[in-house]
Amino acid sequence: CSVTCDPVLSVPRTCRRLMAGYLIHQDDGSTISVLYCELSAHCGASAKFCLYENECCDMVVTEVHITETSQCCDTVGINCSCFRVDSHHFASQTPSERKLWLRALSNVKVKIQNRAPNPSDEEMEHYRSSIREHITALQATLEPRIVNDALLTRCPG
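Position numbers for residues count from 1 along each chain, tracking the sequence in the order it is written. Local features in this predicted model are restricted to residues of pLDDT 70 or higher, and side-chain atom pairs are both shown and tallied only at a pLDDT of 80 or more, whereas totals for entire chains, interfaces and linings draw on every residue. Hydrogens are left out, water is left out, and the side-chain values use all remaining heavy atoms of the structure.

**Q** So what about the overall build of the protein chain? Which residues, and what values?
**A** Labels follow the DSSP assignment, with helices taken as runs of H or I lasting at least four residues and strands as runs of E lasting at least two, numbered in each case from the N terminus. Summing up its helical and strand segments, the protein chain has two helices and seven strands in all. We compute the radius of gyration over the C-alpha atoms and compare it with the globule rule, which gives 2.2 Å times the number of residues raised to the power 0.38. Its C-alpha atoms give the protein chain a radius of gyration of 16 Å, within 12% of the compact-globule value 15 Å for 157 residues. Judged by the C-alpha coordinates and their principal axes, the protein chain covers about 45 × 35 × 35 Å. In the protein chain, buried positions account for 35% of the 157 residues. In the protein chain, the share of contacts with a sequence separation of at least 24, taken over all contacts with a separation of at least 6, comes to 48%. For the protein chain, the exposed surface amounts to about 9,700 Å²; the carbon and sulfur share of it is 53%. Each residue is assigned to one of three classes by its accessible area relative to the maximum for its type, calculated with a 1.4 Å probe on protein chains only: buried under 20%, partly exposed between the two thresholds, exposed over 50%. Contact definition: two residues touch when any of their heavy atoms are within 4.5 Å. Throughout, the Shrake-Rupley method with a 1.4 Å probe supplies accessible areas, and for residues the shown protein chains are the sole cover considered.

In structure tokens, the structure reads:
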């Protein structure tokens, strides 16, 4: 499982991170990208779902704002790991990881819908601890991957 709850200490914009990890993102009808995605805790009436170039979180590719009207749903299929956030389509490594993302997104939406106060540092740690428990459970059930390296290498240029 490539999901983490830990912020990048050298990147202040990640301090409200609930969870982050690599997801496949459908850029358009014919292009996909593997992006590092981060769900942040709500702040007021929205939360950020940031898509970065990589786990260093230096370069934001785009931000999706989660509001009370955002649509976060899975794609129906056998062993499907795809889900959608508004008009953005994603795929995780496993169906279990997809469920974790959708559960976290749903929990954030509920906080926004109920106009919950912004979480304190202590509440943030509680949220992260709960997500970590789910990540640990996911890791315990994962089968070993045959290949850990990229199948295609980037061309110089």
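**Q** Can you break down a nonpolar patch on the surface residue by residue, with the values?
**A** Each patch groups residues whose relative accessible area exceeds 30% and which form no salt bridge, using 9 Å between like charges and 5 Å between nonpolar side chains of Val, Leu, Ile, Met, Phe, Trp and Tyr. Whenever a carboxyl oxygen of Asp or Glu lies within 4 Å of a side-chain nitrogen of Lys or Arg, that contact is scored as a salt bridge. Residues Ile24, Ile32 and Val34 make up a contiguous nonpolar surface patch of roughly 280 Å² in combined accessible area. Turning to its location among the elements, Ile24 is positioned in strand β1 (residues 17-28).

**Q** Explain the sheet that holds strand β4 (residues 60-66) to me, and be specific about the residues and the numbers.
**A** The antiparallel open sheet is built from seven strands, whose spatial order is β4-β3-β2-β1-β7-β6-β5. Each edge of the open sheet is held by one strand with a lone partner, namely β4 and β5 (72-74). Ignoring which end each strand starts from, the neighbouring axes of this sheet average 35° apart. Examined bridge by bridge, strand β6 (residues 82-85) and strand β7 (residues 88-91) share four bridges and lie antiparallel to one another. Bridging from a neighbouring strand, Val85 pairs with His88 of β7. Strands in contact with helix α1 (residues 95-113) are β1, β2 (31-40), β3 (47-52), β4, β5 and β6; relative to β1, the strand with the most contacts, it is inclined by about 110°. The rule for pairing is simple: two strands pair if DSSP sees at least two bridges between them. Where helices are involved, their axes are fitted lines through C-alpha atoms of the stretch in contact, as for all axes, and angles between N-to-C directions lie from 0 to 180°.

**Q** Lay out the pairing of β1 with the relevant residues and their values.
**A** Here β1 pairs with β2 via 10 bridges, running antiparallel. Following the sheet pairing, Gly21 is matched in β2 by Cys37. Hairpin connection between β1 and β2: a loop of two residues separates the two successive antiparallel strands. Where β1 and β7 come together, two bridges link them in antiparallel fashion. Note on β7: the bridge partner recorded for His25 is Phe90.

**Q** Could you give an account of unusual backbone geometry, with specific residues and numbers?
**A** Its identity as a non-glycine residue notwithstanding, Cys57 has a phi of 60°, on the positive side. A positive phi angle, near 50°, is found at Arg115, a position not held by glycine.

**Q** Give a detailed account of the layout of surface pockets, specifying residues and quantitative values.
**A** In this structure, the second largest pocket spans a volume of roughly 260 Å³. Here a cavity denotes grid points, spaced 1 Å and computed from the protein atoms alone, that fit a 1.4 Å probe unable to get out, and a pocket denotes an open set having protein on both sides within 12 Å along at least 5 of 7 lines; residues with an atom within 4 Å of a point are the lining. If you trace the second largest pocket, you find 13 residues lining it, with Ala104, Asn107, Tyr127, Ser130 and Ile131 closest to the centre. Secondary structure elements with two or more residues in the lining of the second largest pocket: α1 and α2 (121-141). The residue inventory of the lining of the second largest pocket, partitioned by class, reads seven nonpolar, four polar and two charged. Grid points are joined across faces, edges and corners, and a volume is the space filled by probe spheres set on the points. Charged residues are taken to be Asp, Glu, Lys and Arg, nonpolar residues to be Ala, Val, Leu, Ile, Met, Phe, Trp, Tyr, Cys and Pro, and polar residues to be all remaining types, Gly included.

**Q** Just give me the short version of α1, but keep the residues and values in it.
**A** Expected span, for any helix, means 1.5 Å times one less than how many residues it has. Its 19 residues give α1 an end-to-end C-alpha distance of 26 Å, which sits within 8% of 27 Å, the value for a rise of 1.5 Å per residue. Considered for burial, the residues of α1 that qualify are Glu97, Arg98, Leu100, Trp101, Leu102, Ala104, Leu105, Val108, Lys109 and Ile112. At the exit of α1 stands Arg115, carrying a positive phi of roughly 50°.

Keep in mind these values describe shape, not function.
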